[in-house]
Amino acid sequence: MTARPNIVLVHGAWADGSCWSAIIERLQADGYNVTAPQFPETSLAADVARLRQVLARQDGPTLLTGHSYGGQIMTALGTDAPNVVALVYIAAFGLDQGESLGALLGAGPPTPALAHLIVDEQGFAWLPEEDFVSHFASDVDPAKARVMHAVQQPLSMSTFEDVMGVPAWKSHPAWYLVATEDQALPPDAERMFAQRMGATTVEVPSSHVAMVSHPDEVVRLIAAAAQTVQSGSGSDRLAGV
């Protein structure tokens, strides 16, 4: 492969496409074609459909990068992921076949960021501001974290029950950023995801929202993945990213 891949950024729950702003700026400055769409988060099926819609608009090979629940969306593409050449997980879910978010998260006590979810009458979960600022985005300036809270996209509770089919990472090379100070998704769970998918892995002392608090490290990992697949050695393991 010689063409530089397009990059599609997949936001997670309680976020929107703006969470990728610092990443978009850096990647565009480096000459990448970047798309960071909004996902409805009304159901996993709807989110996968939106991702397929966006992928259909890409001209050429595409590298997917997902954060948190965004990892669930891109994993659910399965083996039918035209033009996708690699997956980059940023503190993201990378479930295996037969697993669900609810079963995984229910295996232990709620994490500090998710301990007080507010579920509305339509069955959508919201994060309280205090938990968002103090735990979800704990290493982000509080004023900026409150803006992130204000634009949060609620997540349908139905997504916790969806069972994963054949995951996309079984047929695509993967990279993974573990956020070691994550108070939403346990770092040990992130390490488990990365290990079993055989991902090239880096660890960063970050909260759950590493793309906001540690954009340079996130961009380095995405660029390393892009350069590896561009050179045709997507199965290689990188050192010193």
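Residues numbered from 1 in each chain as written. Predicted model: local features only at pLDDT ≥ 70, side-chain atom pairs only at ≥ 80, totals over all residues. Heavy atoms only, no water.

K.L.:
Help me understand the pairing of strand β4 (residues 84-90), please; the structure alone is not making it clear to me.
P.N.:
The buried fraction of β4 is high, at seven of seven residues. Of the pairings in the sheet, the one linking strand β3 (residues 62-67) to β4 comprises six bridges and is parallel in character. Bridged to T65 within β4 is V88. The β-α-β motif built from β3, the intervening helix α3 (residues 69-75) and the parallel element β4 has right-handed crossover chirality. Bridge count for β4 against strand β8 (residues 174-179) is four bridges, and the pairing is parallel. Bridging across to β8, V88 finds its partner in W175. (Buried < 20%, exposed > 50% of the residue type's maximum accessible area, 1.4 Å probe, protein only. Helix = DSSP H or I, 4+ residues; strand = E, 2+ residues; numbered from the N terminus. Pairing = 2+ DSSP bridges. Right-handed = clockwise from strand over helix to strand, strands pointing away.)

K.L.:
For this particular structure, what's the right way to read helix α1 (residues 21-29)?
P.N.:
One turn of the α-helix equals 3.6 residues, which is why residues spaced by three or four share an orientation. By the burial criterion, the buried members of α1 are I23, I24 and L27. All buried residues of α1 fall inside an arc of 100° around its axis, so they share one side. Facing away from the buried side of α1 by more than 90 degrees, the exposed set consists of E25 and A29. In this structure, the buried side of α1 is in contact with β1 (6-10), β2 (34-35), α8 (210-213) and α9 (215-230). Count one or two residues on from α1 and you reach G31, which has phi positive near 95°. (Arc of directions from axis to C-beta. Contact = heavy atoms within 4.5 Å.)

K.L.:
Help me understand the sheet that holds β8 in this model?
P.N.:
Strand-to-strand pairing in sheets goes through backbone hydrogen bonds, with the strands running parallel or antiparallel. With parallel pairing, the six strands of this open sheet are ordered in space as β2-β1-β3-β4-β8-β9. Two strands bound the open sheet, and with one partner strand each, they are β2 and β9 (200-204). The strands touched by helix α7 (residues 187-196) within the sheet are β8 and β9, with β8 carrying the most contacts at an inclination of about 165°. Strand contacts of α9: β1, β3, β4, β8 and β9, with the helix running at about 170° to β8, the strand carrying the most contacts. (Axes fitted to C-alpha atoms, helices over the stretch in contact; angles between N-to-C directions.)

K.L.:
When you look at the packing of helix α5 (residues 129-136) against helix α6 (residues 142-150) in this model, what are you seeing that I'm missing?
P.N.:
A pair of packed helices is captured by two measures, namely the crossing angle of their axes and the spacing between those axes. Packing of α5 against α6 brings their axes to within 9 Å, and their N-to-C directions diverge by 130°. As judged from the angle between their axes, α5 and α6 are oblique. In this structure, α5 meets α6 at a crossing whose hand is right-handed. The residues of α6 that touch α5, namely those facing E129, F132 and V133, are P142, A145, R146, M148 and H149. Looking at the contact of α5 with α6 residue by residue, the classes come out as five nonpolar, one polar and two charged. (Parallel < 35°, antiparallel > 145°, perpendicular 65-115°, else oblique. Left-handed = near helix turned anticlockwise from the far one by under 90°. Nonpolar A, V, L, I, M, F, W, Y, C, P; charged D, E, K, R; others polar.)

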